[in-house]
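Chain by chain, the residues:
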Amino acid sequence: MNTVLSRANSLFAFSLSVMAALTFGCFITTAFKERSVPVSIAVSRVTLKNVEDFTGPRERSDLGFVTFDITADILNGKKCIFDWNVKQLFLYLSAEYSTKNNALNQVVLWDKIMLRGDNPRLFLKDMKSKYFFFDDGNGLKGNRNVTLTLSWNVVPNAGILPLVAGSGHVSVPFPDTYETTKSY
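Chemist: What's the story with the nonpolar core in this structure? I'm lost.
Modeler: Among soluble globular proteins, nonpolar side chains are generally buried collectively. Among the nonpolar cores identified, the biggest contains 35 residues, and Leu89, Phe133, Leu148, Leu150 and Trp152 are the most heavily contacted of them. Of all the secondary structure elements, the ones that give two or more residues to this core are strand S1 (39-53), strand S2 (59-73), strand S3 (86-97), strand S4 (105-115), strand S5 (121-128), strand S7 (146-156) and strand S8 (163-172). For this core, the element with the highest residue contribution is S3, accounting for 6 residues. Sequence-distant contacts of leucine 150, that is, excluding residues within four places in its chain, are made with Val39, Ile41, Ile70, Ala72, Tyr92, Leu93, Trp110, Leu122, Ala165 and Gly166.

Chemist: It is not clear to me how the side chain of serine 94 should be interpreted in this structure. Could you clarify?
Modeler: Checked against the element boundaries, serine 94 lands in strand S3. In this structure, serine 94 is in contact with Val107, Val108, Thr147, Leu148 and Thr149, ignoring residues within four places of it in sequence.

Chemist: What is the right way to look at the packing of aromatic side chains in this model?
Modeler: The relation between two aromatic rings is expressed through the spacing of the ring centres and the mutual angle of the planes. Using the criterion set out here, one finds 6 aromatic pairs in the structure. A centroid spacing of 5.8 Å and a plane angle of 35 degrees characterise the contact between phenylalanine 90 and tyrosine 92, whose relative ring orientation is tilted. Here phenylalanine 90 falls in the partly exposed class, since its relative accessible area comes to 29%. Looking at tyrosine 92, the relative accessible area reads 13%, which means it is buried. Seen in terms of ring centroids, tyrosine 97 and phenylalanine 133 are 5.9 Å apart; in terms of plane orientation they differ by 65 degrees. Their pairing is edge-to-face. With tyrosine 97 in strand S3 and phenylalanine 133 in strand S6 (residues 133-135), the pair connects residues that are 36 residues apart, well separated along the chain.

Chemist: Would you take a moment to explain the pattern of salt bridges for this structure?
Modeler: For side chains bearing opposite charge, pairing can occur when the charged atoms are close. Under the defined criterion, the tally for this structure stands at 6 salt bridges. Of the charged contacts, one joins aspartate 83 and lysine 33 as a salt bridge, the two residues approaching to 3.3 Å between their closest N and O atoms. You can see aspartate 83 sitting in the loop between S2 and S3 and its partner lysine 33 sitting in the loop between helix H1 (4-30) and S1, a full 50 residues away along the chain. Look at aspartate 83 and you get buried, because its relative accessible area is 12%. The exposure class assigned to lysine 33 is partly exposed, which follows from its relative accessible area of 32%. Each of Lys33, Arg35 and Asp83 takes part in a single network of salt bridges with overlapping partners.

Chemist: Honestly, the pairing of S3 in this entry has me stumped. Any pointers?
Modeler: Along any regular strand, the residues point their side chains to alternate faces of the sheet. Pairing analysis gives 10 bridges linking S3 to S7, with the strands arranged antiparallel. Following the sheet pairing, leucine 89 is matched in S7 by valine 154. Here 10 bridges tie S3 to S4, and the two strands are oriented antiparallel to one another. Paired with leucine 89 across the bridge in S4 is methionine 114.

Quick notes on the rules
- Residues numbered from 1 in each chain as written.
- Predicted model: local features only at pLDDT ≥ 70, side-chain atom pairs only at ≥ 80, totals over all residues.
- Heavy atoms only, no water.
- Core = buried A, V, L, I, M, F, W, Y, C linked by side-chain atoms within 4.5 Å.
- Buried < 20%, exposed > 50% of the residue type's maximum accessible area, 1.4 Å probe, protein only.
- Helix = DSSP H or I, 4+ residues; strand = E, 2+ residues; numbered from the N terminus.
- Contact = heavy atoms within 4.5 Å.
- Phe/Tyr/Trp six-rings, centres within 6.5 Å; stacked < 30°, edge-to-face > 60°.
- Salt bridge = Lys/Arg side-chain N within 4 Å of Asp/Glu carboxyl O.
- Pairing = 2+ DSSP bridges.

Okay, structure coming up:
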C-alpha cells in the first residue's frame, strides 16, 4: 500500500499546486489595471554651478540645484494604486534632457518608498534634490528643456513590477549663467 511518506508527498504536491494557482489568480486580477494618477509638479528655484569633476579628467561640469513642489493623490477615486496586490510603491522624480553630446540624459533627483498604510497623498513643499544633479560637461547651462517627471514602480505581492509615469510633468529652463560661490 501507500506509505506515510508517499501520502505526505501527494498532499504536499497538491497543496503546492493549489497555492500556485491562487498566486496566479492574484496576479491576473490586477495585471492589467491602470495605475497612473494626476501629478502636479512645480519648480520654485533653479540654480546652476560649474564645479570641478573629480571622477575623470580634471574638467569642470555643471551641477544643478532644483527646489520643487509635488502634489499627487495616490487614492484618486476609482484609480487607487493601492489594492490588495500592492505591497509598496517606489516613487522617484527624474529629470530628462538632451545635450549635444547625448540625445537623452536621465537623472534621478529624489525618491521615496511608500508602504501600504502610509499617507497616500503627497503634498511636498520646497523639496530639494536628494541626489546630485551632475551633467558630464556643460549641458545644463542655458538648456531650455529639462523635463521633471514623477514615476513609480509598483511592488506587488505576486506578479510583475510595472513602471508607471504620472500624468503630469513640467519643463524647466536652466539659467544662462553660473551662480558664483562666495569664498570668505
